[in-house]
Amino acid sequence: MRVLIVDDEHLARAVLREHLGAHPDVEVLAECANGYEAVKAIAELQPDLVFLDIQMPKLDGFEVAELAGATTRYVFVTAYDQFALRAFEVHAIDYLLKPFSRERLAAALAHARERLRAPEPQRVDALVAEARQRRQPLERILVRDGARVHVIPAARVDYIEAEDDYVAICADGRRWLKSQRLAELERELDPQAFLRVHRSFIVNLGAIVRIEPAGKDGHCALLKGDVRIPISRSGYQKVRELLR
């Protein structure tokens, strides 16, 4: 089993590596001290399993999992058990609550061996549903661009446009493409701040300068920079209600 260790604490990485040394079938490919290193290492080394700390600066464990993709399997490591349900939401094999014992690590590895032999990830629908209910509105959007990762605060996003299987994140006069469905991103954003005004557009209500007529019975949202976003009839009703 080829594994990667990701933790911003040197001592935590050293302890985990020592414990893993007792398992002859485990090969530690590398250690990463932050989320950016982890995303790069996962892409390059393609480990079977990643021991991933949840609370890290810059990128947390869940953001690493989002950027690295769903093909990698994870054991999340955390000092706070309230993160456990959300760990299962991103197809984690298991989670370790710090400080963990050698016996608990051995159990997680046994679970990992079993899961890695399975052709498909086991379904945890009840856990996923509860985790989604606990999720807070998205505060920042992550976009992977080759080896680079862009972190875009949600509050700075002016609008988001659907482009086939991608969305274009527009903020500060720049545009980033992210592989995600518009409907999925709509569910994650704060509904009090972002509104889907058209089948292809989500707008930050704070970026709207005014609403203007457009064609026969149509409307558009004028944003800063003289950007015009089409508004559907249903979107216009929702905009009027929220901007009253």
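Small disclaimer: the values here were computed from a predicted structure and weren't measured.

Visitor: Would you take a moment to explain the pairing of strand E12 (residues 201-204) for this structure?
Guide: Covered by surrounding structure in E12 are Phe201 and Val203 together with Ile202 and Asn204, the residues of both alternating faces. Where strand E8 (residues 157-163) lies against E12, three bridges are found, and the strand directions are antiparallel. Note on E12: the bridge partner recorded for Glu161 is Phe201. As judged from the four bridges shared by strand E11 (residues 194-198) and E12, these two strands associate in the antiparallel manner. Note on E12: the bridge partner recorded for His198 is Phe201. Between E11 and E12, which pair antiparallel in sequence order, lie two residues.

Visitor: Where do I start with the nonpolar core in this structure?
Guide: If you look at soluble globular proteins, the nonpolar side chains tend to sit buried side by side. Counting 24 residues, the largest nonpolar core has Leu4, Val6, Leu52, Val64, Tyr74 and Phe76 as its most contacted members. Only strand E1 (2-6), strand E2 (27-32), helix H2 (35-45), strand E3 (49-53), helix H3 (61-68) and strand E4 (73-78) provide two or more residues apiece to this core. It is H3 that contributes the most residues to this core, five residues altogether. When sequence neighbours within four positions are dropped, the list of residues in contact with Val6 reads Cys32, Asn34, Ala38, Val50, Phe51, Leu52, Asp53 and Met56. Met1, Val3, Leu96 and Leu109 belong to the second largest nonpolar core, which has 18 residues in total.

Visitor: Which parts of the structure should I look at to understand the pattern of salt bridges?
Guide: Any two side chains of opposite charge can pair, on the condition that their charged atoms come close. All told, the structure shown has 19 salt bridges when counted by the stated rule. Ionic pairing is found between Arg181 and Asp165, a salt bridge with its closest N-O pair at 3.0 Å. Note that Arg181 is positioned in the loop between strand E10 (174-178) and helix H7 (182-188) and Asp165 in the loop between E8 and strand E9 (166-171), a separation of 16 residues in sequence. For Glu212, the salt bridge is made with Arg210, and the minimal N-O distance between the two is 2.9 Å. On the accessibility criterion, Arg210 (43% relative accessible area) is partly exposed. In the salt-bridge network here, residues are joined through shared partners; they are Arg210, Glu212, Asp226 and Arg228.

Visitor: Would you mind going over the environment of Leu242 with me for this structure?
Guide: When you line up the elements, Leu242 lands in helix H8 (residues 233-242). Taking the C-alpha atoms as reference points, Leu242 and Leu205, separated by 37 residues in sequence, lie 8.6 Å from one another. Excluding residues within four positions of it along the chain, Leu242 makes contact with Pro191, Leu195 and Leu205.

Visitor: Where do I start with unusual backbone geometry in this structure?
Guide: The bulk of non-glycine residues show a negative phi, and the bulk of peptide bonds are trans. With an omega dihedral of -10 degrees, the bond running from Lys98 to Pro99 counts as a cis peptide bond. Among the secondary structure elements, Pro99 is positioned in the loop between strand E5 (92-97) and helix H5 (102-117). Positive phi outside glycine occurs at Gln46, with the angle close to 50 degrees. Structurally, Gln46 is set in the loop between H2 and E3. Despite not being glycine, Asp226 has its phi angle at roughly 60 degrees, a positive value. Within the secondary structure, Asp226 is located in the loop between strand E14 (219-223) and strand E15 (227-231).

Rules and cut-offs
Residues numbered from 1 in each chain as written. Predicted model: local features only at pLDDT ≥ 70, side-chain atom pairs only at ≥ 80, totals over all residues. Heavy atoms only, no water. Buried < 20%, exposed > 50% of the residue type's maximum accessible area, 1.4 Å probe, protein only. Helix = DSSP H or I, 4+ residues; strand = E, 2+ residues; numbered from the N terminus. Pairing = 2+ DSSP bridges. Core = buried A, V, L, I, M, F, W, Y, C linked by side-chain atoms within 4.5 Å. Contact = heavy atoms within 4.5 Å. Salt bridge = Lys/Arg side-chain N within 4 Å of Asp/Glu carboxyl O.

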